[in-house]
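A look at the structure
Single-letter residue listing:
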Amino acid sequence: MGDRSTRPLRALLRAAPPLLLASALAAATTGPAAAAQAPIDLGTAAAFAVLAGTTVTNAGTSTISGDVGVSPGTSITGFPPGTVSNGTVPAGNSAAAQAALTTAYGNAAGQGPATPEPADLSGLTLGPGVYSGGSIGLTGTLTLDGQGNPDAVFIFQAASSLITGPSSQIVLTGQASACNVFWQVTSSATLGSGSVFDGTILALTSITAGTGATVDGRLLASTGEVTLQSDVIDTPACTTGTTTTTTTVPTTTVPTTVPTTVPTTVPTTVPTTVPTTTVPSTTVPGPTGTTVPVPTSTTVPGPTGTTVPVPTGPPGTGGTPPAGGNWPLFVGGMLLVAGAAGLSVLRWRKRGTT
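First, a word on scope: everything that follows refers to the structure included in this document.

Definitions and cut-offs
- Residues numbered from 1 in each chain as written.
- Predicted model: local features only at pLDDT ≥ 70, side-chain atom pairs only at ≥ 80, totals over all residues.
- Heavy atoms only, no water.
- Helix = DSSP H or I, 4+ residues; strand = E, 2+ residues; numbered from the N terminus.
- Buried < 20%, exposed > 50% of the residue type's maximum accessible area, 1.4 Å probe, protein only.
- Contact = heavy atoms within 4.5 Å.
- Polar contact = N/O pair within 3.5 Å; in protein donor to acceptor, adjacent residues only side chain to side chain.
- Phe/Tyr/Trp six-rings, centres within 6.5 Å; stacked < 30°, edge-to-face > 60°.
- Core = buried A, V, L, I, M, F, W, Y, C linked by side-chain atoms within 4.5 Å.
- Pairing = 2+ DSSP bridges.
- Axes fitted to C-alpha atoms, helices over the stretch in contact; angles between N-to-C directions.
- Expected span 1.5 Å × (residues − 1).
- Arc of directions from axis to C-beta.

This part is about the overall build of the protein. Counting its secondary structure elements, the protein contains 3 helices and 27 strands. Looking at the protein residue by residue over its 354 residues, the buried ones come to 34%. Restricting the contact set of the protein to residue pairs at least 6 apart, pairs at least 24 apart contribute 49%.

On to the side chain of Ser62. Among the secondary structure elements, Ser62 is positioned in the loop between β2 (55-59) and β3 (63-65). Note on Ser62: relative accessible area 1%, which makes it buried. A polar contact of 2.9 Å, which involves the side chain of Ser62, links it to the backbone nitrogen of Asp231. In contact with Ser62, other than residues within four places in its own chain, are Gly82, Thr83, Leu228, Gln229, Ser230 and Asp231.

Here Pro80 and Pro81 are connected by a cis peptide whose omega angle stands at 10°. A cis amide bond links Val89 with the next residue in sequence, Pro90, at an omega value of -10°. Structurally, the position occupied by Pro90 is in the loop between β6 (83-85) and α3 (94-109). A positive phi angle is found at Ser167, which is not glycine, with a value near 65°. Within the secondary structure layout, Ser167 lies in the loop between β13 (162-164) and β14 (169-173).

Attention now moves to the packing of aromatic side chains. What the rule picks out here adds up to 3 aromatic pairs. Considering the side-chain rings of Trp183 and Phe197, the 5.2 Å spacing of their centres and the 45° angle between planes classify their relative orientation as tilted. Of this pair, Trp183 sits in strand β15 (residues 181-185) while Phe197 sits in strand β17 (residues 196-203), and the two are 14 residues apart along the sequence. Note on Phe197: relative accessible area 2%, which makes it buried. Put simply, the rings of Tyr131, Phe156, Trp183 and Phe197 touch in pairs and so form one group of aromatic residues.

Further remarks concern the nonpolar core. If you look at the biggest cluster of nonpolar residues, it comprises 39 residues, and the most contacted ones within it are Val50, Leu142, Phe156, Trp183, Ile201, Leu219 and Leu228. Within the second largest apolar cluster, 18 residues are counted, among which are Phe48, Ala104, Val130 and Val153.

This paragraph deals with the sheet that holds strand β10 (residues 136-138). The 7 strands lie next to each other as β5-β2-β20-β18-β16-β13-β10, forming an open sheet whose pairing is parallel. In this open sheet, the two strands that pair with only one neighbour each are β5 (75-77) and β10. Pairs of neighbouring strands in the sheet enclose a mean axial angle of 5°, with direction left out of account. Sheet topology note: the β2/strand β20 (residues 226-229) ladder contains 4 bridges and is parallel. Looking at β20, one finds that Ala59 is bridged to Gln229.

What follows covers the environment of Leu204. Within the secondary structure, Leu204 sits in the loop between β17 and β18 (207-209). For Leu204, a relative accessible area of 33% corresponds to the partly exposed category. Between the C-alpha atoms of Leu204 and Ala189, which are 15 residues apart in sequence, the distance is 9.2 Å.

When you line up the elements, Leu142 lands in strand β11 (residues 141-145). For Leu142, a relative accessible area of 0% gives the class buried. The spacing of Leu142 and Ser122 is 20 residues in sequence and 5.2 Å in space, taken between C-alpha atoms. Non-local contacts of Leu142, meaning those with residues more than four positions away in its chain, are made with Leu121, Leu124, Leu126, Phe156, Gln169, Ile170, Val171 and Trp183.

Moving on, we get to the pairing of β2. A regular strand places its side chains so that they alternate between the two faces of the sheet. Taken together, the 3 bridges between β2 and β5 define a ladder with parallel strand orientation. Following the sheet pairing, Val56 is matched in β5 by Ile76.

We now examine α3. For α3, with 16 residues, the first-to-last C-alpha span of 22 Å sits near the 22 Å given by 1.5 Å per residue. Along α3, the residues classified as buried are Ser94, Ala97, Gln98, Ala100, Leu101, Ala104, Tyr105 and Ala108. Buried residues along α3 cover an arc of 165° about the axis, so they all sit on one side. The outward face of α3, more than 90 degrees from its buried face, is lined by the exposed residues Ala95 and Thr103. Tucked into the core, α3 has its buried residues touching β1 (48-52), β4 (67-70), β12 (154-158), β15, β17 and β19 (214-221).

Here you go:
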């Protein structure tokens, strides 16, 4: 029997004409014309900012970042005053670049399914996808929204020509990149004076840039010429993939434990024994128990300058003085009494009788 809540919808669908059903389905799938489009591989031609089949002609002070080449033609004029950086003019691999351009042109033309767009893209905001038209034009501003994806791809297929008006511009938002914007043109492309253009033009015939046009991309013409006049052509810095390089740094182990134990044992025993120094006594006992100094000289001067020893006591007395208290000394026939003058230190007791 089915769910009663869906019966009115099913009845409406059965009664609706086929055209209405097609419109409803189209509205339900509104979004990017194609999901997860791959970028066009330019091969050797990716290094070229300007590539022509017959001639490259410049007038004025054009500045170009990237290679400039021509093949099978050989004529390149206007450099200087035109200047080239990050490339050479003429580039030596122009023939190989033309072969790569032929392949890329066929690849872009075969992308799809494509969403048809009006002849003038002005005022539109387009998401990633493939878009087509007969003769594609731009008189105002076209916004390309990458929707947060830096790899979002936009491919435009012109069955005839591409023509942008003076001061027209393309605005990239949502991380959209000029690296991934491609314009496949079946005949020729013309960029208006002072216009701002993004993306790579793959033209079957020729390309002309008006005075002061700025291009963030490439002008690649297969069989015709490229004409410039004081323009700025800057090849975008595009990458073909992400390479992750892992660098292993040797690990250095640093000891984190620092010894904190400091020897605390200090010898506590200090030698206290002082060598005993024997000092000879300078006194001798006296007869009454007193002490008298011992003379430091044991000799006395002789009359003729000679010295004689001072006796320590008369022989046979054992050091006891005579009864008179003095010892007589006989020197050179003279009688000297010890202690009379300067020798009193030898007196054993107070002088008595002489």
